[in-house]
Amino acid sequence: MGNFDLLKVKGVSRRDFMKLIAATTAALGLPELFVPQAANALEQALKKPPVIWLEGMDCTGCTESAIATLNPSPAELILDMLSIRYHETIMAGSGNKSEEAYQEALKEKYILIVEGAIPSKEDRFCMVGGKPFRKILIEAAQKAQAIIAIGSCASEGAGIPGACATGAVGVGEILKAEGISTPLINLPCCPVKPTTLIGTLLYYLTYQKVPALDSQKRPVAFYGTLLHDNCPRRGHFEHGEFLKDWNDPIQKQYCLLLKGCKGPKTYTDCAQVWWNDNTNFCINAGSPCSGCSEKSFYKEFSPLYAKQENFDIPGLGPINADTVGPVIGGAAAVGLGIHLVATVASGRLKKDHKEGL
Ligand code: SF4
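Structural notes, computed from the coordinates. (Residues numbered from 1 in each chain as written. Predicted model: local features only at pLDDT ≥ 70, side-chain atom pairs only at ≥ 80, totals over all residues. Heavy atoms only, no water.)

**Brief notes about the pairing of strand β1 (residues 51-55)**
No. 1: With five of five residues buried, β1 lies mostly within the body of the structure.
No. 2: Of the two faces of β1, both are covered, the one formed by V51, W53 and E55 as well as the one formed by I52 and L54.
No. 3: Relative to strand β2 (residues 84-87), β1 runs parallel, the two being bridged by three bridges. By the bridge assignment for β2, I52 is matched with Y86.
No. 4: Sheet topology places β1 next to strand β3 (residues 111-115); five bridges connect them, and they run parallel. The residue bridging L54 from the neighbouring strand is V114, located in β3. (Buried < 20%, exposed > 50% of the residue type's maximum accessible area, 1.4 Å probe, protein only. Helix = DSSP H or I, 4+ residues; strand = E, 2+ residues; numbered from the N terminus. Pairing = 2+ DSSP bridges.)

**Regarding the sheet that holds β1**
No. 1: One open sheet holds the five strands; their spatial order is β2-β1-β3-β7-β9, and the pairing between them is parallel. The strands lining the two open edges of the sheet, one partner per strand, are β2 and β9 (184-187). On average, adjacent strands in this sheet sit at an angle of 15° to one another, irrespective of strand direction. (Axes fitted to C-alpha atoms, helices over the stretch in contact; angles between N-to-C directions.)

**A few points about the nonpolar core**
No. 1: By size, the foremost hydrophobic cluster in this structure holds 32 residues, and its most contacted members are I52, L54, L112, I147 and V171.
No. 2: Of all the elements in the fold, those that place two or more residues in this core are β1, α6 (95-105), β3, α7 (133-143), β7 (146-150), α8 (151-156), β8 (168-169) and α9 (171-178).
No. 3: Among the elements that take part in this core, α7 stands out by supplying six residues, more than any other.
No. 4: Of all hydrophobic cores here, the second largest spans 20 residues; its members include L82, A146, V192 and Y223. (Core = buried A, V, L, I, M, F, W, Y, C linked by side-chain atoms within 4.5 Å.)

**Quick look at the environment of Q37**
No. 1: Following the sequence through the fold, Q37 ends up in helix α3 (residues 34-45).
No. 2: It is 7.9 Å that separates the C-alpha atoms of Q37 and T206, two residues lying 169 residues apart in sequence.

**Digging into the layout of surface pockets**
No. 1: Quantified by volume, the second largest pocket comes out at close to 540 Å³.
No. 2: Looking at the second largest pocket, it is lined by 30 residues, and the ones nearest its centre are S155, E156, G172, E173 and K295.
No. 3: Of all elements in the fold, only α8, β8, α9 and β9 reach the threshold of two or more residues within the lining of the second largest pocket.
No. 4: Among the elements that line the lining of the second largest pocket, the one with the most residues is α9, at four residues.
No. 5: Considering only residue class, the lining of the second largest pocket consists of ten nonpolar, 13 polar and seven charged.
No. 6: Summarising the domain contributions, the lining of the second largest pocket has at least three residues from each of domain 1 (3-222) and domain 2 (227-355). (1 Å grid on protein atoms, 1.4 Å probe; cavity = no way out; pocket = protein on both sides within 12 Å on 5 of 7 lines; lining within 4 Å. Points joined across faces, edges and corners; volume = space filled by probe spheres on them. Nonpolar A, V, L, I, M, F, W, Y, C, P; charged D, E, K, R; others polar. Domains from an automatic or database assignment.)

**Focus on the site of the ligand**
No. 1: Around the ligand, the neighbouring residues are H228, C231, R233, R234, F237, C255, L256, L257, C261, G263, P264 and I283.
No. 2: Assessed atom by atom at 2 Å from the grid points, the ligand resides in the largest cavity.
No. 3: Classifying every residue of the shell around the ligand by side-chain character gives eight nonpolar, two polar and two charged. (Near = heavy atom within 4 Å. Sits in = over half its atoms within 2 Å of the grid points.)

**Considerations on the packing of aromatic side chains**
No. 1: Following the criterion strictly, the structure yields four aromatic pairs and no others.
No. 2: Between Y203 and Y207 the ring centres are 4.8 Å apart and the planes differ by 45°, which places this aromatic pair in the tilted class. Of this pair, Y203 and Y207 both sit in helix α10 (residues 194-207), four residues apart, roughly one helical turn.
No. 3: Using a relative accessible area of 13% as the deciding quantity, one classes Y203 as buried.
No. 4: Consider the rings of F237 and F242, whose centres lie 6.0 Å apart with planes at 85°: the pair is edge-to-face.
No. 5: A cation over an aromatic ring shows up here: R124 above the ring of F125, its NZ or CZ 5.0 Å from the ring centre. (Phe/Tyr/Trp six-rings, centres within 6.5 Å; stacked < 30°, edge-to-face > 60°. Lys NZ or Arg CZ within 6 Å of the ring centre and 35° of its normal.)

**As for empty space enclosed by the protein**
No. 1: If you walk through the whole model with that rule in mind, you get three cavities of 30 Å³ or more.
No. 2: Roughly 100 Å³ of volume is contained in the largest cavity.
No. 3: Lining the largest cavity are H228, C231, R233, R234, F237, C255, L256, L257, C261, G263, P264 and I283.
No. 4: Counted by class, the lining of the largest cavity contains eight nonpolar, two polar and two charged residues.

**Quick look at the pattern of salt bridges**
No. 1: Enumeration according to the criterion identifies twelve salt bridges in this entry.
No. 2: Between R124 and E122 there is a salt bridge, and its shortest N-O distance comes to 2.5 Å.
No. 3: Among the ionic contacts, a cluster of salt bridges with common partners joins D214, R218 and E294. (Salt bridge = Lys/Arg side-chain N within 4 Å of Asp/Glu carboxyl O.)

**Some details on α6**
No. 1: Along α6, the residues classified as buried are S98, Y102 and A105. Around the axis of α6, the buried residues are gathered within 65° of arc, so they sit on the same side. Away from its buried face, by an angle of more than 90 degrees, α6 presents the exposed residues N96 and K97.
No. 2: Tucked into the core, α6 has its buried residues touching β1, β2 and α7. (Arc of directions from axis to C-beta. Contact = heavy atoms within 4.5 Å.)

**Digging into unusual backbone geometry**
No. 1: With an omega dihedral of 0°, the bond running from C190 to P191 counts as a cis peptide bond.
No. 2: With respect to the helices and strands, the residue P191 is situated in the loop between β9 and α10.
No. 3: Within the chain, T60 stands out as a residue other than glycine whose phi angle is a positive 65°.
No. 4: Relative to the elements of secondary structure, T60 occurs in the loop between β1 and α4 (61-67).

The values are spatial; any link to function lies outside them.
In structure tokens form, the structure reads like this:
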């Protein structure tokens, strides 16, 4: 059966397929001319690059996120067609059968996807089939053609497991400690965004190399902009209008900084590419950004929904949360103005953020 015949059986039309390619290439900032090339590469990819998907200390939230946009969806298209040989949550087999499938997959040229953190204190904190997860990861990482660490836990050991006593670390730390040089791509967020995972896979399958990464090994295409710069509430921030009372309808759309928003410190495309097939994202739904795409999540950003003292506002420096409104409003009034704040804030928060294209 040809690849598109197979897609038809799965209810994916040629038109939907091309729409997927156009959307993902646009997300990567690639020109329209690239679409046929990407479509061709993906058709070739449909001939089955094998994937091993390991889970360490996780909540399976990244799996849930990746497969939540079904019927038909980019997630179904990519994940199904990638030939996932081993995935503890979604595979039908179990016990010896799944172990056999895993050992067979290890003989191939596979892409390794890792979900969940790795305990660095004691191996017993995460055992799979009687083996330490750390050792399973080391073995799989050495033979993989590339590794994609998905979610905050696998990327940096930075999610909820990072707040526990296990000494949770991300995949990168294990690779460094073991001297493993397999290319690594980190896709943090809690959970991983399906569009980010699919776009990264598409790029890798097309070019057979990792995309441009920042200093935290995150693809610049998805993590290259500061959330604060694209936030729909940004106008209120600049006017010093901050939500203080949830029950006041006038404040409903105000900036959420005083409610703990980490948008000024968070690199993510959440404001441009919304979650759940572009349905919504945290800030638009009324929740402050918790900074889940950053290393500092969750430990250094907690409590997540409380104002932070001495929050560092780009261009204005550390400001006490109680005085941020008057300070920013006053600054605008005396001519510091919207553009100074915006210019200083726009991507120059850390000058060394991007490692290159
Ligand atoms: Fe948006 Fe948060 Fe920045 Fe306010 S602080 S403008 S809510 S990202």
